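Here is what each chain is made of, one letter per residue.
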Amino acid sequence: MTNPDKNNAPDRRNVEDKFPRALWIRLFVYIVAGHLFAGFIWLLFEAGARAN
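Residues numbered from 1 in each chain as written. Predicted model: local features only at pLDDT ≥ 70, side-chain atom pairs only at ≥ 80, totals over all residues. Heavy atoms only, no water.

**A look at the overall build of the chain**
What counts is decided by this rule: A run of H or I in DSSP counts as a helix once it spans at least four residues, and a run of E counts as a strand once it spans at least two, with each numbered from the N terminus. Exposure categories follow from relative accessible area, calculated using a 1.4 Å probe and restricted to protein chains: below 20% of the type maximum is buried, above 50% is exposed, and the middle band is partly exposed. Using the Shrake-Rupley algorithm and a 1.4 Å probe, accessible areas are obtained, with residue cover drawn only from the displayed protein chains.
Each helix and strand in the chain was counted, giving three helices and zero strands. For the chain, the sequential pattern of α-helices and β-strands runs α-α-α. When each of the 52 residues of the chain is scored for burial, the buried share is 0%. Of the roughly 5600 Å² that the chain leaves accessible, carbon and sulfur atoms contribute 65%.

Here you go:
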């Protein structure tokens, strides 16, 4: 007798080895936004240093 849940379940090994596409997109957006924010802060410090 076969277990019907086992036949319909996704291969757990493939699911755990691969990140979802939405996670990669979110990670890319966070990295880009973080670098833009850091660049803006750096620009503020540069402008403040030249003002004196």
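**Side note on the pattern of salt bridges**
What counts, and what does not: Throughout this description, the term salt bridge denotes a Lys or Arg side-chain nitrogen within 4 Å of a carboxyl oxygen of Asp or Glu.
Tallying each qualifying case throughout the model produces one salt bridge. For Glu 46, the salt bridge goes to Arg 50, with nearest N and O atoms at 3.7 Å. Of this pair, Glu 46 and Arg 50 both sit in helix H3 (residues 21–51), four residues apart, which is roughly one turn of the helix. Among the residues examined, Glu 46 registers a relative accessible area of 28% and is labelled partly exposed.

**Details of the packing of aromatic side chains**
Where we set the bar: Two aromatic rings from Phe, Tyr or Trp, using only the six-membered ring of Trp, form a pair when their centres are within 6.5 Å; if the ring planes differ by under 30 degrees the pair is stacked, by over 60 it is edge-to-face, and anything between is tilted.
Considering all chains together, one arrives at one aromatic pair under this definition. Both rings, one in Phe 19 and one in Trp 24, keep their centres 5.5 Å apart while their planes meet at 85°; by these two values the pair is edge-to-face. With relative accessibility at 51%, the residue Phe 19 sits in the exposed group.

**Focus on a nonpolar patch on the surface**
In plain terms, the rule: Residues enter patches when their relative accessible area tops 30% and they take part in no salt bridge; the joining distance is 9 Å for like charges and 5 Å for the nonpolar side chains Val, Leu, Ile, Met, Phe, Trp and Tyr.
Together, Ile 25, Phe 28, Val 29, Tyr 30, Val 32 and Leu 36 give the surface a local cluster of nonpolar side chains, amounting to about 650 Å² of exposed area. With respect to the secondary-structure elements, Ile 25 resides in helix H3.

**Side note on the confidence of the model for the chain**
Using the following cut-off: What pLDDT conveys is the predictor's confidence in a given residue, as a value from 0 to 100.
Confidence along the chain averages 84 in pLDDT terms, with 69% of residues attaining 70 or more. For the chain, the element scoring lowest by mean pLDDT is helix H1 (residues 4–8), at 60; H3 scores highest, at 96.

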